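Fold and geometry: a report
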Amino acid sequence: MKINVLCRVFMDRQIRNITNHMSIYTKHGWSLLSFGILLVCLSSCTEESVDVSSEPSFNLQEVITSLPGESFTITGLVSDPAGIKSVRFEYAPWSLDKVIEVDPSITQYPFEFSFSIPDTETEGSTHLINIISTNGGDKESSTQVEIVLSGDNQLPEIAMASPSDGGTYILGSGSEFNLSFTVSDNKEISTVEIVGVGLNETVEVNAASYSFDKAVDFVFAGTFDLSITATDVSGNKATKNLSVKIEESLQFEKMYLADVSSDAELVSDLFGVPMLIDGFESTDSLGVVFEANYYNSTANTEIRFIPQKASFAPFAFGAGDSAGELAIGSDATVNPIVLSEVGYYNIVINLSTMTYTIETYSPTDDTFEYIIIMGTGVKVDGASTCVSNSDGADDNCWWFGSGKPLTVDSNNPYLFSATVELYDHDPEGDGNNGFILGANYDDWSPFWRFDQGDALGVEPDATVPNGGNNYIFDESAFGTYTFVFDTHLNRVKILPQ
C-alpha cells in the first residue's frame, strides 16, 4: 500500500471548502480552477507516495520444552505502528500452516497458539516453528520458536518428612525438630536450595534422588518461613514453602482425648466427646503432664490430644516420628497415636519433653449387675423412665422404681449402652427434663450424677459416684442417641443417631 499523507490531507480539505462555498467560487469564476487543482493533487496522491517503513516486531519465548504426543503453546506479542493484518504459524514437517487474521487497526496483538506434536516424533529432537506477521502496509516480519523434545518436562518431587506446614514446636535446650525431606526426579536433580529457619544452603546433587536431614535449633520463639527449591538438569523447578511456629512453652488448664478426626465430630455429640483427662498438679507437671485412662472398643483406634474442647485448632498433639515422641500440630492432620488392641489403656503425655508413654491394663474395681437411667423426658430402648416397673403407672419420674436399664457389653463388664430418646415428657409442666444413673431398683444408692450440668447449656465432663448434679436439658437436646456409660472411667458418651 502506498499513501502520500500530506497530499491526501490537502485534497480532503479543499473538497470540503469547495463544497461548502460552491456559490462563492462560481460567482467569482474560481470553481473550474479549483477543481483543476484538485485533479492535479489527486493524480499526485496516487502516483507519488512514501513507503511504510515499520515492520512487525515479536516478543515471545524462543525455546519451548515438550514431548512427542504432547501439546505445546506459543504465547507472545506482535507489535507494529502500521497495524497488524495477520499472524501465521508454519512448520511443513508437521503440516502446520495456521493463519490468524487480525484487524489492521490493532497495533499490538497478543497471541496464544497450541499444537499437538505427532506421536511419531523422536524424543530429543529439535524443531523450528516459523512465525510470520504481516502489517498494515503488507510488510512481513518473521521469527522462529524452537521446540525441543527433550524428554523431560517433569518437575522434581519434594516429599516432606518434617516439619509439618503450620506446625507448632516448643523452644527447648536442644533442637526443636529435624528438617527432613527427600527429592526425586525422573532424570537427574541438579541442585537443591534450602532457605529459612536459619539455613541458606545450595546443594549440588547430580543424581536422581537426594535426602536431607538436619537438626534445627532455635534460640528464640516466633513464626519462621522455609523454602525448598529443587532444580533438575533440564531446568525444571519445584518449590515447597512452609511455615513453622516456635513457642516459648506450652501450659494448659485442661486436656482432652479425641477419638474422632474432625471438628464437626467434636461438637456433634450431646456430651462426652472429646473426653477430659487428668492433669498432674505438682509444680513441675502442672499444665504440662496429663494422664488418660481410656477404653478402646475397636482395634487400631486413632486418638489425639487437644487442650481446646471444640476444635483441633490451634493445638493438637499426636504421634511423632519416633516411638514415644509426641508431635504437635495445628489441626487434625497431626499423626494420631494408634491403639492397636481392644481394652483399657493408660497414656501419659508430657509437653515439656514432648513424649508419651502408653500401656494396657485391666481394671480391678467392682462391677455392677445392671445400670439404670432415672429421670424425666427419657426413653431407654423405647421404655419411659416415668413408667413404674412394678405396676406400669405413668408419671412416676425421678424414681429408682421407674429406672430403665442399659445393656452390659458382652466383652466388658464395666461398659453399658442403650438407644436413648430425650424429649419433653410433660409439655404443660415445668420442663424439668433431666436424668441421673443408678444401679439399684430398690433404693437410691449407688447412683451417679455429674460434675456439672445442673444449668442448661453446660456439658458435663464426668460422672460423680453418689454425688454431683442432675443433668438438665431442654428442647435443644431433644433427639435419639447412642448412650454409653463406663463405670470404671466414670464417663458418659452420648452420640446422636
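Quick notes on the state of the cysteines
Applying the stated criterion across every chain yields a total of one disulfide. Residue pairing for Cys386: its cysteine sulfur links by disulfide to Cys397, the two sulfurs lying 1.9 Å apart. Taking the torsion about the S-S bond as the criterion, the Cys386 to Cys397 disulfide, at about 115°, is right-handed. Taken together, the positions of Cys386 in the loop between strand 27 (383–384) and strand 28 (404–405) and Cys397 in the loop between strand 27 and strand 28 put the pair 11 residues apart, joining distant regions of the chain. Under the relative-accessibility criterion, Cys386 is labelled buried at 0%.

With respect to the packing of aromatic side chains
Under the definition given, this model contains 31 aromatic pairs. Ring geometry for Phe113 and Phe115: centres 6.4 Å apart, planes at 20°, overall stacked. Take Phe113: its relative accessible area is 9%, and that puts it in the buried class. Aromatic side chains Tyr295 and Tyr344 sit 4.8 Å apart centroid to centroid with 50° between the ring planes, which places their arrangement in the tilted category.

Quick look at the sheet that holds strand 8 (residues 140–148)
Spatially, the five strands line up as an open sheet ordered 2-8-7-4-5, and their pairing is mixed. The sheet terminates laterally at strand 2 (63–65) and strand 5 (96–101), the two strands that pair on one side only. The mean angle between the axes of side-by-side strands here comes to 20°, regardless of whether they run parallel or antiparallel.

Brief notes about the layout of surface pockets
In this structure, the largest pocket occupies an estimated 860 Å³ of space. Residue lining of the largest pocket: 42 residues in total, with Tyr169, Glu176, Glu325, Leu326 and Ala327 positioned closest to the centre. Counting residues per element, the ones that place at least two in the lining of the largest pocket are strand 9 (157–162), strand 10 (168–170), strand 11 (177–196) and strand 21 (326–329). Considering every element that reaches the lining of the largest pocket, the biggest residue donor is strand 21, with four residues. Here the residues of the lining of the largest pocket are counted per class, giving 17 nonpolar, 18 polar and seven charged. Taken as a whole, the second largest pocket holds about 460 Å³ of empty space. Around the second largest pocket, the lining comprises 22 residues; the ones closest to its centre are Asp259, Tyr295, Ser297, Val484 and Lys493.

What counts and what doesn't
- Residues numbered from 1 in each chain as written.
- Predicted model: local features only at pLDDT ≥ 70, side-chain atom pairs only at ≥ 80, totals over all residues.
- Heavy atoms only, no water.
- Disulfide = S-S within 2.5 Å.
- Helix = DSSP H or I, 4+ residues; strand = E, 2+ residues; numbered from the N terminus.
- Buried < 20%, exposed > 50% of the residue type's maximum accessible area, 1.4 Å probe, protein only.
- Phe/Tyr/Trp six-rings, centres within 6.5 Å; stacked < 30°, edge-to-face > 60°.
- Pairing = 2+ DSSP bridges.
- Axes fitted to C-alpha atoms, helices over the stretch in contact; angles between N-to-C directions.
- 1 Å grid on protein atoms, 1.4 Å probe; cavity = no way out; pocket = protein on both sides within 12 Å on 5 of 7 lines; lining within 4 Å.
- Points joined across faces, edges and corners; volume = space filled by probe spheres on them.
- Nonpolar A, V, L, I, M, F, W, Y, C, P; charged D, E, K, R; others polar.

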